[in-house]
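Structural overview for review
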Amino acid sequence: MKNTKKLLAVLLAAMMCIAFAACQNTDNGDVTPPADTTAPETTAPVADTAAPEQSADPEPAGITVTDMMGREVTLDAPASKVVALSAGECEIVYALGAGELVVGRGEYCDYPAEVFDVASVKSGSETNIEEIVALEPDVLITSAMDQDQDVIAKIEEAGIKVVECYAQDIEGVYTSIALIGKVIGRDSEAESLIAQMKEGFEQIAANKVEGEKTVYFEVSPLQWGLWTAGKGTFMDEIATMMGLTNCFSDVEGWGEISQEQVIERNPDYIVTISMYYGEGPTPVEEILGREGWGELTAVKNNAVLNLANNELSRPAPRLLDGAKALYDFVTAE
Amino acid sequence: MNGTQEGFRAYEYILFAAAAILTAVICVCLGSVNVPLKSTAEIFRRAILGLDMPKELPASIILTVRLPRVLCVALTGASLSLCGAAMQGLLKNPLADGSTLGVSSGASLGAVIAIAFGISFPSLPFAGTMVMAILFAFISLLIILGLAYRLDFSLSTNTIILIGVIYSMFVSSAMSVIITFASNKLKQITFWTMGSLNGSTYANALALAAAFAIFGGILFIKARELNAFAVGEDNARNIGVDVKRTKLTVLICVSALIGVCVSIGGTIAFVGLVTPHAARFIAGPNHKRLLSASAFAGAIFLMLCDLAARTLLSPLELPIGVVTSLIGAVAFIIIFYRARGKSRGA
């Protein structure tokens, strides 16, 4: 247990480093494909889907995409059976109106509610290849952050195409959406979803919150040690976009911070992403009732918002919902 | 041994207490947020005299965040170290401690079960985890020692450590199973197992102080019996110690103390292992002195570890267990080799 705990801490730290370190890897343009490109030139025309007329094949050409890890993936046709392993990517598939294609989901995919009708498979470090193969999907869509690359290679050996997303900022989410849209043959839906998100975010960015207001994002409540979202997270990006300053923008990614620092930095708003389990005080009540927090501007003004459904932590279209909720909250007065 | 004064002399108490208080003062004055010494002193002056606190003083940082935390850390350190010293004496085993024996793991299993299945008492929000932690600490101790006795009546170091490790592994898989069944509380459980004294309150400190006063007090009373055990269980029986009863009393006290500590601060490894050995260098092997010295040394050690955890990476915090384990692991190896060297030489 002791060792597990340490291992867990190290793993978590490593995960966070990978997940939120500098965003040099977000766009797929500059990533060179790995060496094992399995010689696709013999099987399919290398041409882009947009211009298949060059092809001599009478069949409709396959789809070739470069995923966000720079891997080239070729499909004979748009995928009709998909396993979505990570929560954010699963949400994108559903947001593209392609829920009926999903034959399996990672166990932590919990949005929208329809996903619960779909078979659940183990994900992350517990990914079970047999379980996935048994579902016979054409494509497995996952976030590169959640998956070990060796496991990905094994799944591909089993004959299942794997598309990896790696969205670390909102721009990256657009790339994910376009990529997934292409893979499942929902390009136009993807385009309109991206346009819709862009419009929403632009609206928020165009009407910035007045004054120099600060916000503190609480990822884990005091009882378990305070964790916040610093630079390089969606929360930081969204706050900055609407003209708020993240109190802990000096922290890289997610980090456990000292309670003293929250009091010292005295945020104007507090956003907690804790879930409420139906017992004891709600996350907002708990924060308002904390000893020593009474003098904080956010607590005095009752300016504590609970966004409990992972809106602000997943690389998915609902980031806009979260951003809107936060924006409405801070502009309500 | 002249037999006149076995326990601590008055000046020794004063010396140890002074060292502990000095450490506490340093730990209250230093922290993640830099509060000038003058303001800190002013805050305390006003708090003690009951004067109004001017707004510009960061009173809440010092009085409601830092002070209760330092108190909790000191009491946790004292309790864990005291438990370690008592267990080492009782089992005649230099490596006995809540974390090496698997008692802390057992306690966290209890707490995780309480979180996963929502066991709580309506009026006391944290009592559920605390009671379950104490209960499981005690059950774990019984299981581990029961198994060890069956394998090896002399309770040798190797057997105990082996069973402790096996038990810890068993507990960690049990926890994984529970997490699978209660995946909606995964986040809560994950954060809980990482442990934190970040949110310590006066209520926590009070609970720790009460546990320390009651169960620690009983351990102090049993110091003479522990001396007999340290020589050997047969020896204890021969000189008229009620072996069974003493053992049960000590085990209950140790489980209760570890359970309370774990339910408040999570598992903190190695404190109970390392500090009693350090204390032994200063106070010698007599438990009448050793227990007091261990408690003070544990408090000082953990307060300093916590200070490092709070300030090294400011504004980030390190889990305190990381700091104690870093120091503890090295000390553990040294102790282990010394113990082995001795037994081979004899």
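Scroll up to find the structure.
To start, this report covers the structure provided alongside it. On a predicted model such as this, the values are computed, not experimentally measured, just so you know. (Residues numbered from 1 in each chain as written. Chains lettered and ligands numbered in written order. Predicted model: local features only at pLDDT ≥ 70, side-chain atom pairs only at ≥ 80, totals over all residues. Heavy atoms only, no water.)

Residues and elements named next belong to chain B. A cluster of nonpolar side chains, Leu-135, Ile-139, Ile-143 and Leu-147, forms an exposed patch at the surface whose accessible area comes to about 330 Å². For Leu-147, the position within the fold is in helix 6 (residues 127-151). The class for Leu-147 is partly exposed, based on a relative accessible area of 46%. (Patch = residues over 30% accessible without salt bridge, like charges linked within 9 Å, V, L, I, M, F, W, Y side chains within 5 Å. Areas by Shrake-Rupley, 256 points an atom, 1.4 Å probe, with all protein chains shown as cover. Salt bridge = Lys/Arg side-chain N within 4 Å of Asp/Glu carboxyl O. Helix = DSSP H or I, 4+ residues; strand = E, 2+ residues; numbered from the N terminus. Buried < 20%, exposed > 50% of the residue type's maximum accessible area, 1.4 Å probe, protein only.)

A full pass over the atoms with the stated rule returns 25 salt bridges over all chains. Close ionic contact of Glu-156 of chain A with Arg-71 of chain A constitutes a salt bridge, the shortest N to O distance being 2.8 Å. Of this pair, Glu-156 of chain A sits in helix 4 (residues 149-157) while Arg-71 of chain A sits in the loop between strand 1 (63-66) and strand 2 (72-75), and the two are 85 residues apart along the sequence. Accessibility expressed as a relative area gives 10% for Arg-71 of chain A, which makes it buried. The salt bridge partner of Arg-237 of chain B is Glu-233 of chain B, with a shortest N-O separation of 3.6 Å. Taken together, the positions of Arg-237 of chain B and Glu-233 of chain B, both in helix 11 (residues 233-238) and four residues apart, correspond to about one turn of that helix.

On to the interface of chain A and chain B, then. Contacts between the two partners involve 38 residues from chain A, matched on the other side by 43 residues from chain B. Together, the buried faces of chain A and chain B total about 3600 Å²; carbon and sulfur atoms form 61% of this surface. Here chain A and chain B share two salt bridges between them. For the salt bridge of Arg-310 of chain B with Glu-260 of chain A, the shortest nitrogen-to-oxygen distance reads 3.8 Å. Between chain A and chain B we count nine residue pairs in polar contact (both at pLDDT 80 or more) in total. Contributing elements (two or more residues each) for the side of chain A that touches chain B: helix 1 (2-20), strand 8 (214-220), strand 11 (254-256) and helix 8 (259-265) of chain A. Taken together, the residues of the side of chain A that touches chain B sort by class into 16 nonpolar, ten polar and twelve charged. (Contact = heavy atoms within 4.5 Å. Buried area = accessible area lost by both parts, 1.4 Å probe. Polar contact = N/O pair within 3.5 Å; in protein donor to acceptor, adjacent residues only side chain to side chain. Nonpolar A, V, L, I, M, F, W, Y, C, P; charged D, E, K, R; others polar.)

Attention now goes to the packing of helix 9 (residues 202-221) of chain B against helix 10 (residues 223-231) of chain B. Residue and element names in this part refer to chain B. One way to put it is that helix 9 packs onto helix 10 with a least axis distance of 5 Å and a crossing angle of 60 degrees. Relative to helix 10, the element helix 9 lies oblique. Listed contacts from helix 10 to Leu-219, Phe-220 and Ile-221 of helix 9 are Ala-223, Arg-224, Glu-225 and Leu-226. Taken together, the residues of the contact of helix 9 with helix 10 sort by class into five nonpolar, no polar and two charged. (Axes fitted to C-alpha atoms, helices over the stretch in contact; angles between N-to-C directions. Parallel < 35°, antiparallel > 145°, perpendicular 65-115°, else oblique.)

Take the environment of Asp-250 of chain A next. Residue and element names in this part refer to chain A. Along the chain, the position of Asp-250 falls in the loop between strand 10 (245-246) and strand 11. Counting along the chain gives 20 residues from Asp-250 to Gly-230, while the straight-line C-alpha distance between them is 6.7 Å. Looking at Asp-250, its side chain comes within polar contact range of the side chain of Arg-265, at 2.9 Å.

What is shown is where atoms sit, not what they do.
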